[in-house]
Amino acid sequence: MDLLIELFSEEIPARMQARARDDLKKMITEGLVDAGLTYASAGAHSTPRRLALSVDGLSAESRAVREERKGPRVDAPAAAIEGFLRSTGLSKDQLEIRDDKKTQVYFAVIEKPGRKADEIVAEVLEATIRTFPWPKSMRWGVGTLRWVRPLHSIICLLTDETGARVVPLNVDGIKAGNTTQGHRFLAKGSFPVSSFDDYVIKLKRAFVVLDHAERAAAIWQGATNLAFAAGLELVDDKGLLAEVAGLVEWPVPLMGGIDEVFLHLPPEVLQTSMKEHQKFFSVRNPRSGRIEGFVTVANTETADQGATILKGNQKVLNARLSDARFFYDKDLRVAKAGMGEWLDGLASVTFHNKLGSQADRAARIVSLTREIAPLVGADLDLAVEAARVAKADLRSAMVGEFPELQGLMGMYYARAAGMPEAVALAARDHWAPKGPEDAVPTDPVSVAVALAEKIDTLTGFWAIDEKPTGSKDPFALRRAALGVIRLVLENRFRMSIDRPLDAAVLRHQIGLAPSNPELLNEILGLAAQHGIHGAPTRNLIARSEGAAPSWLAMVRDHDPSVSDDLRDFFHDRLKVYLKDQGIRHDVIDACLSMPGSCDFTLLVNRAESLAAFLKTEDGPNLISVFKRATTILLQAEAKDGVEYSYGAEVKFAETAEERALFDALDEAEAKIVPAMNSEDFAAAMAAMAQLRAPIDAFFTAVQINTDNQVVRRNRLNLLSRIRTICSGVADLTKIEG
Amino acid sequence: MSEKMTTPKSFQEIILRLQNYWAAKGCAVLQPYDMEVGAGTFHPATTLRSLGSKPWAAAYVQPSRRPTDGRYGENPNRLQHYYQYQVIIKPSPPDLQDLYLGSLAAIGLDPALHDIRFVEDDWESPTLGAWGLGWEIWCDGMEVSQFTYFQQVGGHDCKPVSGELTYGLERLAMYVLGVDHVMAMPFNDPQSPIPLTYGDIFRQTEEEYSRHNFDGADTAQLLRHFEDAEAECQRLLDFPPEDPKSGKRIIMAHPAYDQTIKASHLFNLLDARGVISVTERQAYIGRVRTLAKKCADAFRLTDAGQDAEVGA
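Bear in mind that the values here come from a model prediction, so they are computed numbers and not experimental data. (Residues numbered from 1 in each chain as written. Chains lettered and ligands numbered in written order. Predicted model: local features only at pLDDT ≥ 70, side-chain atom pairs only at ≥ 80, totals over all residues. Heavy atoms only, no water.)

## Structural notes on the overall build of chain A
Step number 1: Per the secondary structure count, chain A includes 28 helices and 18 strands.
Step number 2: Expected size for 737 residues packed as a compact globule is a radius of gyration near 27 Å; at 37 Å, chain A overshoots this value by more than 25%.
Step number 3: With the C-alpha coordinates of chain A rotated into their principal frame, the extents come out at 100 × 100 × 50 Å.
Step number 4: Counting every position in chain A, which comprises 737 residues, the buried fraction comes to 53%.
Step number 5: Of the contacts made within chain A by residues no fewer than 6 positions apart, 68% connect residues no fewer than 24 positions apart.
Step number 6: Accessible surface for chain A amounts to roughly 32,700 Å². Of this, 51% is attributable to carbon and sulfur atoms. (Helix = DSSP H or I, 4+ residues; strand = E, 2+ residues; numbered from the N terminus. Rg over C-alpha atoms; globule rule 2.2 N^0.38 Å. Buried < 20%, exposed > 50% of the residue type's maximum accessible area, 1.4 Å probe, protein only. Contact = heavy atoms within 4.5 Å. Areas by Shrake-Rupley, 256 points an atom, 1.4 Å probe, with all protein chains shown as cover.)

See below:
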């Protein structure tokens, strides 16, 4: 038989409907199956006012179950027998006594008769309603029941060949029945339904399209046709389509035009304003690419074919766009004057009370950009100019109204200010990548500022000890770190991140408004390039002792713990990132402990080569002979209390296999050393793979521990050569299996 | 929806129709609260009366002040002083949505011609320690009201739940009357012997208060007054409930709540003067919330705020 459920309520938020459909289907069908029923198929639907589920081919009753359980012996202590009775829910006279290995034990025979589907459905539906996982739920009136908005009626209907019957159910005074209502305005009164098909048909007659996908398709089709008829095209927006489909029961798309006076606004401004405030689709002129119209989707049909509705929407849009135009024109005046007003204004916007204003932040980003630009091949003057103005649009009226346009407006305003295109693009892209799916900028100027922006954020919050914990990451620092990693990797930049991190952490630790900032920038610039302990940095520090600004001691006695911790955080994020790319964690660990682990590109090259190597036949075999060699070596070193690294000599070799290994090692080394020098990990590993056969043969033919101590030591030193050569490629001891 | 659907002629006619409509639906039609508030919700008829279990139904116009929204009377939609129409019914009746739609019809918004929508909007007032779920109501894409089922006020769970409707009167009336600038809106019937527009009445005051809010108000004094209101609220609540003079139990919940309203408005003025930093802002809001919660606690101990006795 078939089951129809409808939960009819006041308007369900559009964004919650998809989850709710899935939850309803899952909770009901799992509940039915857990109670012993079976079904063929189920489908969930939603409109703004109802959640519905149809289940087809439901069994009429659950199978009877007979269960036998063995209990305690007849002469067991009373407490044991009591416990058995409690657990079975039987009384003592209902137990059977059976012979069991020379003694007698109690047996409980529990007969669970099959239950009618009606009973089970009622229980499962009530439990589902009472425990439904709405993201936010509420009470209403005098009741205690919770639902997303007030729940008004329930259909719970079972249909079989004998007809349809309502499943008796009463949830806090709401009795299940077989009636529902149609469209709020276009249909009047309630009507009974007899099956899911009848329900769908009658709803449609009452101006309700039950299926969300059908509504979405109708909206898309209708809107596309309207646009097409006017020689225009609809701008694709799946998220908006799903949302709008959740706002209407009877979609009626209506198209309007955008007033000429607003057409000079950037298309993103038009789109954002129309989408965010009014849920309008944008309509584009395919020839000019301009946004020239909109489609709004009404929830009703009117005698005037929507003329009043369209007029009203148009009026609201005009008011909104008037605001936008006012902001834009005002902003353009500031931009054309060089953005000075905004740049000054950044001083009054707090970034974080311990990290100063946006102006402080912008100054730090300029310094960092100066350090990073040479590392990523960016023109220094352009990058510094881009960093200087990158945050200016935060003070613009448009971004004040639409924070999601920050960056993008910066680009338009930088262009209006006559700044070079690289600067304008950096204003837009220095926020990128905002998420794992977001594209990574490639223009070096954008990349330099994007890296500086994120490194300033990360080092700042690390310096004031506001790190992410567990699920809490209020400043999106994980995203920032992933952004740095992707910026470096996807552009294949060769830069070691640790020195700029050190310098940036120090800048934060020294704090806002340091004395002699020029000297500080000079010292930290050298530190970012040569390291804090690098000779040029040390020389300048030594030469500056006479000037002795108060912060000099902090640089001189640099405490690396904060940067070390941040570096570990980067490595953790990198592991997560590489795991998503399918690189095993042990492979990553084997590469992380090698030198150059702050050069992410180098690190990933190594890890990818190692991962590829492990997929070849030689790979795992080489790892196992390598491990065998190191195990023997470590045991011998522990026993003898020496490290065998003196170099083996071929003249002490006794067997052909031993001599062959000498040759093979010489040959491998001759290939691996230059390959490693040129960071050609694939070649190095290929050379390493050649060692597998000779080492295998060596182990088969040769006994390491012989009585001749000279020969034994020589062989151990030979193993040591294997260890040295292979360990130069990666820390193979970390590889599992 | 049997009400006449003729289009109203003036701002005041819309108010009068709403008054008549909600009076006919059984609400006590109250008058505005005589203090400066930011929204109709601040009226004790909403905040305090939504607490406790005693049934309640009230409707009223509330002049509301948002000092930061002042635009010297020039912006077509923004005012630092405007009117809200507020309906509060406890417990929320099951047909509250239909009652609300009836009120739109009463002011000439016929659902057969317009597109009326309930769009998710969760309401939260950090200063009142209050939140609820509901919608903003759209008429042809324009937000014309807020509809909220109160879940918590002053930190107390609302049992039963009150239903609150808030109409932004100027915006709603401009739409109904087809006016593009608030100052051009007819306040009384344009056919009256002395026709008055909204601007005739409020343009000058918008100018004066905009200057006052942004430049005139003495911030040092405002800060002092804030502290005073805060202290006074606490002092009033600290009185023992027994009044020695009358021998009655009198908790001064409403007088204390007046001080909360004052503190809230003073904070809004300080905010408009731009002397409150982003970080301080949260602290001020928290201080007002503390007062609101204490007043709610006190009101729950009074006759009007108690849970009705069983069978009452």
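After presenting the structure, the write-up continues.
## Describing the interface of chain A and chain B
Step number 1: Of the residues lining the interface, 40 residues belong to chain A; the matching set on chain B comes to 40 residues.
Step number 2: Summed over both sides, the interface of chain A with chain B buries roughly 3,200 Å², with 54% coming from carbon and sulfur.
Step number 3: It is Arg139, Arg149 and Phe185 of chain A that lose the most area in chain A upon contact with chain B, and together they represent 20% of the buried surface on that side.
Step number 4: Linking chain A with chain B are five salt bridges.
Step number 5: Of the charged contacts, one joins Arg184 of chain A and Asp98 of chain B as a salt bridge, the two residues approaching to 3.9 Å between their closest N and O atoms.
Step number 6: Linking chain A with chain B are 15 residue pairs in polar contact (both at pLDDT 80 or more). (Buried area = accessible area lost by both parts, 1.4 Å probe. Salt bridge = Lys/Arg side-chain N within 4 Å of Asp/Glu carboxyl O. Polar contact = N/O pair within 3.5 Å; in protein donor to acceptor, adjacent residues only side chain to side chain.)

## Concerning the side chain of Arg184 of chain A
Step number 1: Secondary-structure assignment places Arg184 of chain A in the loop between β11 (179-181) and β12 (190-192).
Step number 2: A distance of 2.9 Å separates the side chain of Arg184 of chain A from the side chain of Glu11 of chain A, its partner in a polar contact.
Step number 3: Within polar-contact distance, the side chain of Arg184 of chain A engages the side chain of Gln97 of chain B at 2.7 Å.
Step number 4: Once you skip the residues sitting within four places of it in the chain, Arg184 of chain A turns out to touch Glu11 and Arg49 of chain A together with Gln97, Asp98, Leu101 and Phe118 of chain B.

## Describing a nonpolar patch on the surface
Residues and elements named next belong to chain B.
Step number 1: A cluster of nonpolar side chains, Ile194, Leu196 and Ile201, forms an exposed patch at the surface whose accessible area comes to about 250 Å².
Step number 2: Among the structural elements, Leu196 can be located in the loop between α3 (169-177) and α4 (198-216).
Step number 3: What makes Leu196 partly exposed here is its relative accessible area of 34%. (Patch = residues over 30% accessible without salt bridge, like charges linked within 9 Å, V, L, I, M, F, W, Y side chains within 5 Å.)

## A short note on the pairing of strand β1 (residues 2-9) of chain A
A regular strand places its side chains on the two faces of the sheet in alternate fashion.
All names here are of chain A.
Step number 1: Of all the eight residues making up β1, seven are buried; the element is thus mostly covered by neighbouring parts of the structure.
Step number 2: Of the strand pairs in this sheet, β1 and strand β3 (residues 50-56) are connected by six bridges, and their pairing is antiparallel. Residue pairing across strands places Phe8 opposite Arg50, the latter belonging to β3. (Pairing = 2+ DSSP bridges.)

## What about the environment of Ser50 of chain B?
Residue and element names in this part refer to chain B.
Step number 1: Relative to the helices and strands, Ser50 resides in the loop between β1 (28-29) and β2 (56-65).
Step number 2: Owing to a relative accessible area of 1%, Ser50 belongs among the buried residues under this scheme.
Step number 3: Residue contacts for Ser50: discarding those within four places in its chain leaves Lys90, Phe150, Val153, Cys158 and Ser162.
Step number 4: Reaching out from Ser50, the side chain makes a polar contact with the backbone oxygen of Thr46 at a distance of 3.0 Å.

## Section: the packing of aromatic side chains
Step number 1: Evaluation of the coordinates by the stated rule reveals 34 aromatic pairs over all chains.
Step number 2: For the pair Phe196 of chain A and Tyr199 of chain A, a centre-to-centre distance of 6.3 Å together with 40 degrees between the ring planes defines the contact as tilted. Here Tyr199 of chain A and Phe196 of chain A lie together in helix α4 (residues 196-205), a separation of three residues that amounts to about one turn.
Step number 3: On the basis of relative accessible area, Phe196 of chain A is assigned to the partly exposed category, the value being 21%.
Step number 4: A residue is classified by how much of its surface remains accessible, and Tyr199 of chain A, at 0% relative accessible area, is buried.
Step number 5: By way of ring pairs, the aromatic residues Tyr85, Tyr100, Phe118, Trp135, Phe147, Tyr149 and Tyr167 of chain B are connected into one cluster.
Step number 6: Over the aromatic face of Tyr209 of chain B sits the side chain of Arg65 of chain B, whose NZ or CZ is 5.1 Å from the ring centroid. (Phe/Tyr/Trp six-rings, centres within 6.5 Å; stacked < 30°, edge-to-face > 60°. Lys NZ or Arg CZ within 6 Å of the ring centre and 35° of its normal.)

## A look at unusual backbone geometry
All names here are of chain B.
Step number 1: With an omega dihedral of -10 degrees, the bond running from Lys90 to Pro91 counts as a cis peptide bond.
Step number 2: A cis amide bond links Lys159 to the next residue, Pro160, at an omega of 0 degrees.
Step number 3: Looking at where Pro160 falls in the secondary structure, it is placed in the loop between β8 (156-157) and β9 (163-168).
Step number 4: The phi torsion at Asp140 lies on the positive side, around 55 degrees, for a residue other than glycine.
Step number 5: Within the element layout of this structure, Asp140 appears in the loop between β6 (130-139) and β7 (142-153).
Step number 6: Given the relative accessible area of 0%, Asp140 is considered buried.

## So, the state of the cysteines
Residue and element names in this part refer to chain B.
Step number 1: Following the criterion strictly, the structure yields zero disulfides over all chains and no others.
Step number 2: Considering cysteine sulfurs only, Cys295 is the nearest to Cys158, which forms no disulfide, with 16 Å between them.
Step number 3: Cysteine Cys233 shares no disulfide, and the gap to the nearest cysteine sulfur, in Cys295, comes to 3.8 Å. (Disulfide = S-S within 2.5 Å.)

## Description of helix α24 (residues 618-640) of chain A
Residues and elements named next belong to chain A.
Step number 1: In a regular helix each residue adds 1.5 Å, so 23 residues correspond to 33 Å; α24 covers 32 Å between its end C-alpha atoms and thus fits that length.
Step number 2: Three or more residues of α24 are buried, namely Gly619, Leu622, Ile623, Val625, Phe626, Ala629, Thr630, Ile632, Leu633, Ala636 and Glu637.
Step number 3: Of the surrounding secondary structure, the elements contacted by the buried residues of α24 are α23 (600-615), α26 (681-689), α27 (692-701) and α28 (709-727).
Step number 4: Gly641 sits one or two residues past α24 and shows a positive phi near 70 degrees. (Expected span 1.5 Å × (residues − 1).)

## Quick look at the pattern of salt bridges
Step number 1: Counted according to the given criterion, the structure contains 68 salt bridges over all chains.
Step number 2: The partner of Glu68 of chain A in a salt bridge is Arg98 of chain A, with the nearest N and O atoms 3.0 Å apart. Highlighted residues: Glu68 of chain A in strand β4 (residues 65-73) and Arg98 of chain A in strand β5 (residues 96-100), separated in sequence by 30 residues.
Step number 3: Given the relative accessible area of 39%, Glu68 of chain A is considered partly exposed.
Step number 4: Assessed through its relative accessible area of 25%, Arg98 of chain A is described here as partly exposed.
Step number 5: Arg78 of chain B serves as the salt-bridge partner of Asp69 of chain B, at 4.0 Å between the closest nitrogen and oxygen.

## Some points on the domain arrangement of chain A
Step number 1: Split by domain assignment, chain A resolves into domain 1 (2-61 + 116-205), domain 2 (65-112), domain 3 (212-335), domain 4 (350-578) and domain 5 (618-734).
Step number 2: Taking the mean C-alpha position of each, domain 4 of chain A and domain 5 of chain A sit 45 Å from one another. (Domains from an automatic or database assignment.)

## Here's the deal with the nonpolar core
Considering soluble globular proteins, one finds that nonpolar side chains tend to be buried as a cluster.
Step number 1: If you look at the biggest cluster of nonpolar residues, it comprises 146 residues, and the most contacted ones within it are Ile258, Met398, Leu458, Leu610 and Leu719 of chain A.
Step number 2: Looking at this core, the element that brings in the most residues is helix α15 (residues 444-463) of chain A, giving eleven residues.
Step number 3: With 92 residues, the next largest nonpolar core counts Leu37, Phe132 and Val171 of chain A together with Leu133 of chain B among its residues. (Core = buried A, V, L, I, M, F, W, Y, C linked by side-chain atoms within 4.5 Å.)

## Regarding the packing of helix α7 (residues 267-278) of chain A against helix α8 (residues 307-336) of chain A
Residues and elements named next belong to chain A.
Step number 1: Close contact between α7 and α8 brings their axes to 11 Å; oriented N to C, the two are set at 130 degrees. By the angle between their directions, the pair α7 and α8 is classed as oblique. In this structure, α7 meets α8 at a crossing whose hand is right-handed. Contacts from Val269, Leu270, Ser273, Met274, His277 and Gln278 of α7 reach α8 at Asn313, Val316, Leu317, Arg320, Leu321 and Ala324. (Axes fitted to C-alpha atoms, helices over the stretch in contact; angles between N-to-C directions. Parallel < 35°, antiparallel > 145°, perpendicular 65-115°, else oblique. Left-handed = near helix turned anticlockwise from the far one by under 90°.)

## Considerations on the sheet that holds β5 of chain A
All names here are of chain A.
Step number 1: Spatially, the three strands line up as an open sheet ordered β4-β6-β5, and their pairing is antiparallel. With one partner strand each, in any of the chains shown, β4 and β5 form the two edges of the open sheet. Shown here is a sheet whose adjacent strand axes are inclined to one another by a mean of 35 degrees, direction ignored.

## Examining the sheet that holds strand β16 (residues 291-298) of chain A
All names here are of chain A.
Step number 1: Ordered in space as β13-β15-β16-β14, the four strands form an open sheet in which the pairing is antiparallel. Each end of this open sheet is capped by a strand with a single partner; those strands are β13 (233-234) and β14 (252-257).
Step number 2: Each of β13, β14, β15 (281-284) and β16 touches helix α5 (residues 212-229); the most contacted strand, β14, lies at about 30 degrees to it.

## Comments concerning the packing of helix α10 (residues 358-376) of chain A against helix α17 (residues 498-510) of chain A
Residues and elements named next belong to chain A.
Step number 1: Relative to each other, α10 and α17 sit at 170 degrees, their axes nearing to 11 Å. Here α17 runs roughly antiparallel to α10, going by the angle between their axes. Contacts from Arg364, Ser367, Leu368, Glu371 and Leu375 of α10 reach α17 at Pro500, Ala503, Ala504, Arg507 and His508.
Step number 2: Per-class residue counts for the contact of α10 with α17 are five nonpolar, two polar and three charged. (Nonpolar A, V, L, I, M, F, W, Y, C, P; charged D, E, K, R; others polar.)

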